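Analysis of the macromolecular model
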Amino acid sequence: MSSLSTAILTGQPVPGSSLESDLRSLGFDVRLADEAGDAETLLAAVPADQRVAVVDARFVGHLHALRLGLTDPRFAASALPGAVSVQPEARRALTRAVAREGSASGGLAVATDNLAERLTAALDADGVAVFRPELGTLVAAVPADPQERNEVRQAVSAVDDEAVRLRSAVKARDGFFTTYCISPYSRYIARWCARRGLTPNQVTTASLLTALIAAGCAATGTRAGFVAAGLLLLFSFVLDCTDGQLARYSLQYSTLGAWLDATFDRAKEYAYYAGLALGAARGGDDVWALALGAMILQTCRHVVDFSFNEANHDATANTSPTAALSDKLDSVGWTVWVRRMIVLPIGERWAMIAVLTALTTPRITFYALLVGCAFAATYTTAGRVLRSLTRKARRTDRAAQALADLADSGPLVEPLVRLARGTVRIAAPVSAAVGGVLVVTSTLLWGAGWQTVLCAVGYVLLSALAVARPLKGALDWLVPPFFRAAEYLTVLVLAAKADVNGALPAAFGLVAAVAYHHYDTVYRIRGNAGAPPHWLVRAIGGHEGRTLLVTVLAALLTAAQFKVALTALAVAVALLVLVESIRFWVSSGAPAVHDEGEPA
């Protein structure tokens, strides 16, 4: 952690205690305060932009317990028994609490009363959110007498905190392949990286570069290239697991890391799809439509997960018989792993892609991927629909706003929404589904024609009806996935029907750029930072504007011109969303949100 941290030890030091050296090993400059007045003086001397901790000198516990309680950068304030730590944003509250303690004690010695505990209680009373880490078998205590101190020291000796630290570096909930085939050794790679000063962001970047090299190998179209691509993709996934484990092992969380973590997994996977498609083309097989279809299916699966979770994030009375059955199944060991594997999470998915790439052809790889993801999407979506229909959840305004942000409605829908509020009531998911079916079916039937443009106009109108009222219905979380499927599939079908070399790769680029924008929206919402700025959504047209524009371009232009237009649109959207996204995620206002488990 940063060296700009100060720990104030309160009370008389205990002979033989390793507390001071432990705190220094964690990057704290240790100061001693014998009296409450001393603590107030020392606190005032610490620069306002530094972290500060107040620790009872009698504290006994594991070094990793201190690390978890005092150094996690994600929380403004955190505490352990006998210790409290605050970042600059919570310093004012701590200063007030210390001042009250100093006034109340009249400067009396604080060796026998736990000042840190009282300060923690004062922060709670002041409305400061104080994080208290789950310690499990780790020990953190303030013994009251020598006998209790000996007992606590024995308890510390009985538990290897380094072993606990290694175990806790691995996510508690993960897929079968990751849990049993990657994490048993990737955690040691994470420790190796930590001891050499490597950061999670560096490992994340290495994982991305490895995946891009894998995509390049796949693009050669040779058997040796495919084998190398499969092996490199697996190694990229090992590094992908390592970066998160390194962040948890060393508590190196950052806003930049949040952005990298949120985006690179998708960039790696979709770049690999493109590499496979290029490799197949070298062998005379055009699988760009399959590659784009796989990207669309995977993205829509994630949107289902994100929308469902946001809709129920803070819903009240949020129970159902289906959820109860799921909880019962979770108590039966083998069903947990079966259910985690059949949804084809990232570990199983990448392992399947890697093996099939090495042993078969890109076409077979994409067919298997499409079938597997389609089954997983059907399974998870059906379960969530059942849960939504059987639970009596009451959705909050926050949930409704999150769904509206995920819908990504643009300038065409905005004025229509005001008109639609006074019209006939149609269930939001019905409007979205009918609109999506209308525009996609028209592209299948007529391709590039004015009939399709007319149906796209109908899609715009139905989209406005879908979001005209707050999205608080039982199935309203389906609205964003329906919009995603409609927009992406329209681009796919029109590019395929253009039947000109380069149209599908251009469509792939456009969908990838728009999908990036949608993932960026998700991670901003998860971090309670709100949706991307309104000007950006308007500038890139919203889902309905882009869908209508693509149908108009297809009707007006020749196939070759349409390919150029798709390419130009892809570049424009990519530049806008990437520049704004990078600006936000490296800014001071970005949340340190980390993806603790891909839902699918």
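Residues numbered from 1 in each chain as written. Predicted model: local features only at pLDDT ≥ 70, side-chain atom pairs only at ≥ 80, totals over all residues. Heavy atoms only, no water.

Orientation of helix 20 (residues 450-466) relative to helix 21 (residues 479-498), taken along the N-to-C sense of each, is 165 degrees, at an axis distance of 12 Å. Classified by the interaxial angle, the pair formed by helix 20 and helix 21 is roughly antiparallel. The handedness of the crossing between helix 20 and helix 21 is left-handed. Together, Tyr459, Ser463 and Ala466 of helix 20 and Phe483, Ala486 and Glu487 of helix 21 make up the contact between the two elements. (Axes fitted to C-alpha atoms, helices over the stretch in contact; angles between N-to-C directions. Helix = DSSP H or I, 4+ residues; strand = E, 2+ residues; numbered from the N terminus. Parallel < 35°, antiparallel > 145°, perpendicular 65-115°, else oblique. Left-handed = near helix turned anticlockwise from the far one by under 90°. Contact = heavy atoms within 4.5 Å.)

On to the pattern of salt bridges, then. The full count for this structure, using the stated rule, is 23 salt bridges. A salt bridge links arginine 24 to glutamate 20; the shortest N-O distance between them is 3.3 Å. Of this pair, arginine 24 and glutamate 20 are both found in helix 1 (residues 19-25), four residues apart, which corresponds to roughly one turn of the helix. Judged by its relative accessible area of 45%, arginine 24 falls in the partly exposed class. The network of salt bridges with shared partners includes Asp520, Arg524, Glu580 and Arg583. (Salt bridge = Lys/Arg side-chain N within 4 Å of Asp/Glu carboxyl O. Buried < 20%, exposed > 50% of the residue type's maximum accessible area, 1.4 Å probe, protein only.)

In total, this model carries two cavities of 30 Å³ or more according to the counting rule given. By volume, the largest cavity amounts to about 40 Å³. For the largest cavity, the full set of lining residues is Glu487, Tyr488, Val491, Leu510, Val511, Val514, Arg546, Val550 and Leu569. Residues belonging to the lining of the largest cavity are distributed by class as follows: seven nonpolar, no polar and two charged. In this model, the second largest cavity occupies a volume close to 30 Å³. Every residue lining the second largest cavity is listed: Val303, Leu406, Arg484, His518, Thr521 and Val522. Among the elements that take part in the lining of the second largest cavity, helix 22 (residues 503-526) stands out by supplying three residues, more than any other. (1 Å grid on protein atoms, 1.4 Å probe; cavity = no way out; pocket = protein on both sides within 12 Å on 5 of 7 lines; lining within 4 Å. Points joined across faces, edges and corners; volume = space filled by probe spheres on them. Nonpolar A, V, L, I, M, F, W, Y, C, P; charged D, E, K, R; others polar.)

By size, the foremost hydrophobic cluster in this structure holds 108 residues, and its most contacted members are Tyr273, Leu292, Phe366 and Leu510. When residues of this core are assigned to their parent elements, the largest contribution, 15 residues, is made by helix 22. Excluding anything up to four places from it in sequence, leucine 292 contacts Leu492, Leu504, Ala507, Phe508 and Val511. (Core = buried A, V, L, I, M, F, W, Y, C linked by side-chain atoms within 4.5 Å.)

Neither face of strand 5 (residues 77-80) is exposed, since Ala77 and Ala79 on one face and Ser78 and Leu80 on the opposite face are all buried. For strand 5 and strand 6 (residues 83-86), the ladder comprises four bridges, and the chain directions are antiparallel. The residue bridging alanine 79 from the neighbouring strand is valine 84, located in strand 6. Linkage of strand 5 to strand 6, two consecutive antiparallel strands, is achieved through a turn of two residues, within which glycine 82 is found at a positive phi near 85 degrees. For strand 5 and strand 7 (residues 130-131), the ladder comprises two bridges, and the chain directions are parallel. Bridged to serine 78 within strand 7 is phenylalanine 131. (Pairing = 2+ DSSP bridges.)

Our next topic: the packing of aromatic side chains. Aromatic ring pairs are reported here in terms of the distance separating the ring centres and the angle at which the planes meet. One pass over the structure, following the stated rule, counts 12 aromatic pairs. With 5.8 Å between their ring centres and 80 degrees between their planes, tyrosine 273 and phenylalanine 366 make a pair best called edge-to-face. With a gap of 93 residues between them, tyrosine 273 in helix 11 (residues 255-282) and phenylalanine 366 in helix 16 (residues 362-390) connect regions that are remote in the sequence. Looking at phenylalanine 366, the relative accessible area reads 0%, which means it is buried. Their ring planes at 80 degrees and their centres at 5.2 Å tell us that phenylalanine 308 and tryptophan 477 sit as a pair that is edge-to-face. One end of the pair, phenylalanine 308, is in helix 12 (residues 288-311); the other, tryptophan 477, is in the loop between helix 20 and helix 21, with 169 residues separating them in the sequence. (Phe/Tyr/Trp six-rings, centres within 6.5 Å; stacked < 30°, edge-to-face > 60°.)

Moving on: helix 18 (residues 413-420). All of the buried residues in helix 18 are Val413, Val417 and Ala420. Summarising the axial view, the buried residues of helix 18 lie within an arc of 70 degrees, below the 170-degree limit, and thus occupy one face. Seen from the buried face of helix 18, the exposed residues on the opposite side, beyond 90 degrees, are Arg418 and Leu419. For helix 18, the elements touching its buried residues are helix 20 and helix 24 (542-556). (Arc of directions from axis to C-beta.)

For the rest of this paragraph, the subject is unusual backbone geometry. For leucine 251, which is not a glycine, the phi torsion comes out positive at approximately 55 degrees. Position of leucine 251 relative to the elements: it lies in the loop between helix 10 (223-250) and helix 11. Note on leucine 251: relative accessible area 6%, which makes it buried.

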